[in-house]
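Structural overview for review
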Amino acid sequence: MRWILALIWLAFIAYAWIWVPGQPLGSDPVFKELVTLQSKEPWLLTVFSWLGIFPAIFACLLLRRSGKARGSRVSAWPFVLLSFALGAFALLAYFAWSSQTHRDSGYEQLSFGSQRESGIGRVAAHKLTHMVLLLLTLGTGFYAVTQGNSDVYMEAFRESSFVHIMTIDFVILTLLSVIALFRDASLNRRSRGWAVAGLIPLIGPLIYLMTARRD
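A quick note: this is a predicted structure, and the numbers were derived from the prediction, not measured.

For the rest of this paragraph, the subject is the packing of helix α3 (residues 42-63) against helix α10 (residues 203-210). Relative to each other, α3 and α10 sit at 35°, their axes nearing to 10 Å. In terms of crossing hand, the pair formed by α3 and α10 is left-handed. Residues I57, C60 and L61 of α3 lie in contact with α10, whose contacting residues are P205, L206, Y208 and L209.

Structure follows, in structure tokens:
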């Protein structure tokens, strides 16, 4: 699994750097509209906002207990932090680096203190956090479905390099959430079948978090 994820990570970087179609960022009007939140297409705004919600969900999955997998010596929090700007580029690197073949992998405490006692750990584990993220996801999704035009989005996907990469990034994050749920379910003695919920973008992982028992 480690090498597969590493190859996907390298391929994604190469594709984004060399082969991505559409206008480059410097001359891409869609990119400028999205980063300034001036786009008038609901689907573009929604997917862009979901790429901000997704890292928060991974933060809840990876930081609510600990940020370091036993034996991997890899802390999750730097990658989670970078994912708010780099998305799957950062999280693919983490999952590739921390991927373990040993079934009994667990968690260690972070070097800066216990996650149970840290503010980040409490916020990441709190059901209110998960509820707010779910409401934001559902609200933006409703806005896109009722007001958006998918044809406009597909045209932007073909003509804008930013929307093209943004869309692939979203798909990869969805697939990574399957891995994240599988790992978390294994560590918390929950059914590994929960991993399938990761195929439901954002909502599946959030339902998993909301149904988790609090320690």
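All right, on to helix α7 (residues 127-147) then. In this model α7 runs 30 Å from its N-terminal to its C-terminal C-alpha over 21 residues, within 8% of the 30 Å that 1.5 Å per residue would give. Three or more residues of α7 are buried, namely H130, L133, L134, T137, G141 and A144. Around the axis of α7, the buried residues are gathered within 100° of arc, so they sit on the same side. For α7, the exposed residues lying more than 90 degrees away from the buried face are L128, L135, F142 and Q147.

For the rest of this paragraph, the subject is the nonpolar core. With 53 residues, the main nonpolar core has L34, I57, F58, F95, V163, M166 and L176 as its most contacted residues. Here this core takes 15 residues from α3, the largest share from any one element. With sequence-adjacent residues up to four places away left out, V163 is seen in contact with V30, L34, L44, Y153, A156 and F157.

Before going further, it helps to spend a moment on the side chain of S98. Here S98 shows up in helix α5 (residues 88-98). Residue classification places S98 among the buried positions, given a relative accessible area of 1%. At a separation of 2.8 Å, a polar atom in the side chain of S98 contacts the main-chain carbonyl oxygen of Y94. Reaching out from S98, the side chain makes a polar contact with the side chain of R183 at a distance of 3.0 Å.

A few words now on the packing of aromatic side chains. By the definition in use, this model includes 12 aromatic pairs. Relative to Y94, the ring of F79 has its centre 5.5 Å away and its plane inclined at 50°; by these criteria the two rings are tilted. Linking F79 in helix α4 (residues 77-86) with Y94 in helix α5, this pair joins segments that are 15 residues apart in sequence. There is no split in this pair, since F79 and Y94 are both buried. An angle of 85° between the planes, with centres 6.0 Å apart, marks the rings of F79 and W97 as edge-to-face. With a gap of 18 residues between them, F79 in helix α4 and W97 in helix α5 connect regions that are remote in the sequence. By relative accessible area, F79 is classed as buried at 13%. W97 gets classed as exposed once you look at its relative accessible area, which sits at 51%. Put simply, the rings of W43, W50, F54, F58, F79, Y94, F95, W97 and F170 pair up and form one aromatic cluster.

Confidence along the protein chain averages 87 in pLDDT terms, with 86% of residues attaining 70 or more. In this model, residues 66-72 is a region of pLDDT below 50 whose contacts with residues beyond four sequence positions or in other chains number 32 contacts. Confidence over residues 101-117 falls short of pLDDT 50; this stretch has 39 contacts with residues more than four positions distant or in other chains.

Right, let's get into a nonpolar patch on the surface. A contiguous nonpolar patch, built from L128, M131, V132, L135 and L136 and spanning about 450 Å² of accessible area, is present on the exposed surface. Turning to its location among the elements, L128 is positioned in helix α7.

This next bit is on the side chain of S39. Along the polypeptide, S39 turns up in the loop between α2 (29-35) and α3. Discounting chain neighbours no more than four positions away, the residues touching S39 are E33, L34, L44 and L45.

What counts and how
Residues numbered from 1 in each chain as written. Predicted model: local features only at pLDDT ≥ 70, side-chain atom pairs only at ≥ 80, totals over all residues. Heavy atoms only, no water. Axes fitted to C-alpha atoms, helices over the stretch in contact; angles between N-to-C directions. Helix = DSSP H or I, 4+ residues; strand = E, 2+ residues; numbered from the N terminus. Left-handed = near helix turned anticlockwise from the far one by under 90°. Contact = heavy atoms within 4.5 Å. Expected span 1.5 Å × (residues − 1). Buried < 20%, exposed > 50% of the residue type's maximum accessible area, 1.4 Å probe, protein only. Arc of directions from axis to C-beta. Core = buried A, V, L, I, M, F, W, Y, C linked by side-chain atoms within 4.5 Å. Polar contact = N/O pair within 3.5 Å; in protein donor to acceptor, adjacent residues only side chain to side chain. Phe/Tyr/Trp six-rings, centres within 6.5 Å; stacked < 30°, edge-to-face > 60°. pLDDT = per-residue confidence, 0-100. Patch = residues over 30% accessible without salt bridge, like charges linked within 9 Å, V, L, I, M, F, W, Y side chains within 5 Å. Areas by Shrake-Rupley, 256 points an atom, 1.4 Å probe, with all protein chains shown as cover. Salt bridge = Lys/Arg side-chain N within 4 Å of Asp/Glu carboxyl O.

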